[in-house]
Amino acid sequence: MKELFSKVKLGKLRNFLSLLLIMGCYVIYQRFLVVSYYDIGLFIVVTVVVVLYDKLIASKGFDAIVNNACICWVVVGLTLMLRSHYLPEKIYKVPLNGFSTLRVDHIYFRFKGRSFERSFSLSDYDLSDSCKQYDVELYLKEPLPTVYYVSGISLCKKENTTK
């Protein structure tokens, strides 16, 4: 009976750690902008490495593959975050393409030809015709070419260029 109880505790701990890994992957996903389609290639490479590793250690099950993939993503993301810490920050101004206030506030913008959606609190902004009033200011660091670490996002009033 004691062995069964410890296996149940171990299973709950494993589920909790898996949940933490998945949340870590989501946080890392939210902190980076990848402006080329290298993220799809990187996803394929990480998945192939994880599947081969899974075959090598002969563990059976989809759960082991998902856990190993999440560990790889967290390690890659943390490495890029650490590298970004020492890089200078650049400010980019891009037009606001849209917003959503359904459940969680989101803003939509395009950066270097690719569309992005990010969570952003819109409570301090006038939302009537906001796409014409505001630009998105991105505070970015570039740890790799076409990979940007988002150190901050803000909305700023558009400058009047008409005379």
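Relevant structure appears above.
1. Some remarks on the pairing of strand S5 (residues 134–144)
Piece 1. A large share of S5 lies buried, amounting to nine of its 11 residues.
Piece 2. Across six bridges, strand S2 (residues 90–100) lies against S5 in antiparallel orientation. Each bridged residue has a counterpart across the sheet, and for Tyr-92 the counterpart in S5 is Leu-138.
Piece 3. Sheet topology places S5 next to strand S6 (residues 147–157); nine bridges connect them, and they run antiparallel. Residue Glu-137 lies in a different strand from S6, and its bridge partner there is Ser-154.
Piece 4. Linking S5 to S6, which pair antiparallel, is a turn of two residues; within it Thr-146 sits at a positive phi near 70°.

2. So, the pairing of strand S4 (residues 114–119)
Piece 1. Of the two faces of S4, only the one carrying Arg-114, Phe-116 and Arg-118 is buried; Ser-115, Glu-117 and Ser-119 on the other face are not.
Piece 2. Alignment of strand S3 (residues 106–111) against S4, held across six bridges, turns out to be antiparallel. In the strand pairing of S4, Phe-109 is matched with Phe-116.
Piece 3. Counted between consecutive antiparallel strands, the loop separating S3 from S4 contains two residues, among which Lys-112 sits at a positive phi close to 50°.

3. Observations concerning the packing of aromatic side chains
Piece 1. One pass over the structure, following the stated rule, counts five aromatic pairs.
Piece 2. Consider the rings of Phe-111 and Tyr-148, whose centres lie 5.2 Å apart with planes at 85°: the pair is edge-to-face. A residue pair is termed long-range when its members are at least 10 positions apart, and Phe-111 in strand S3 and Tyr-148 in strand S6 qualify at 37 residues.
Piece 3. Ring pairing ties together the aromatic residues Tyr-92, Phe-111 and Tyr-148, which thus form one cluster.

4. A closer look at unusual backbone geometry
Piece 1. Even without glycine at this site, Arg-103 takes up a positive phi of about 60°.
Piece 2. Along the chain, the position of Arg-103 falls in the loop between S2 and S3.
Piece 3. Overall, Arg-103 belongs to the exposed group, its relative accessible area being 84%.
Piece 4. We note that Thr-146 has phi near 70°; this positive angle belongs to a residue other than glycine.
Piece 5. Tracing the backbone shows Thr-146 in the loop between S5 and S6.
Piece 6. Residue Thr-146 is classed as partly exposed on the basis of its relative accessible area of 23%.

5. Regarding the sheet that holds S6
Piece 1. Reading across from one edge, S1-S6-S5-S2-S3-S4 is the order of the six strands in this open sheet, with antiparallel pairing throughout. The open sheet terminates on both sides in strands that have one partner only, identified here as strand S1 (32–34) and S4. Shown here is a sheet whose adjacent strand axes are inclined to one another by a mean of 45°, direction ignored.
Piece 2. Sheet analysis places S1 next to S6, joined by three bridges and oriented antiparallel. Bridge pairing in S6 places Leu-33 opposite Tyr-148.

What counts and what doesn't
Residues numbered from 1 in each chain as written. Predicted model: local features only at pLDDT ≥ 70, side-chain atom pairs only at ≥ 80, totals over all residues. Heavy atoms only, no water. Buried < 20%, exposed > 50% of the residue type's maximum accessible area, 1.4 Å probe, protein only. Helix = DSSP H or I, 4+ residues; strand = E, 2+ residues; numbered from the N terminus. Pairing = 2+ DSSP bridges. Phe/Tyr/Trp six-rings, centres within 6.5 Å; stacked < 30°, edge-to-face > 60°. Axes fitted to C-alpha atoms, helices over the stretch in contact; angles between N-to-C directions.

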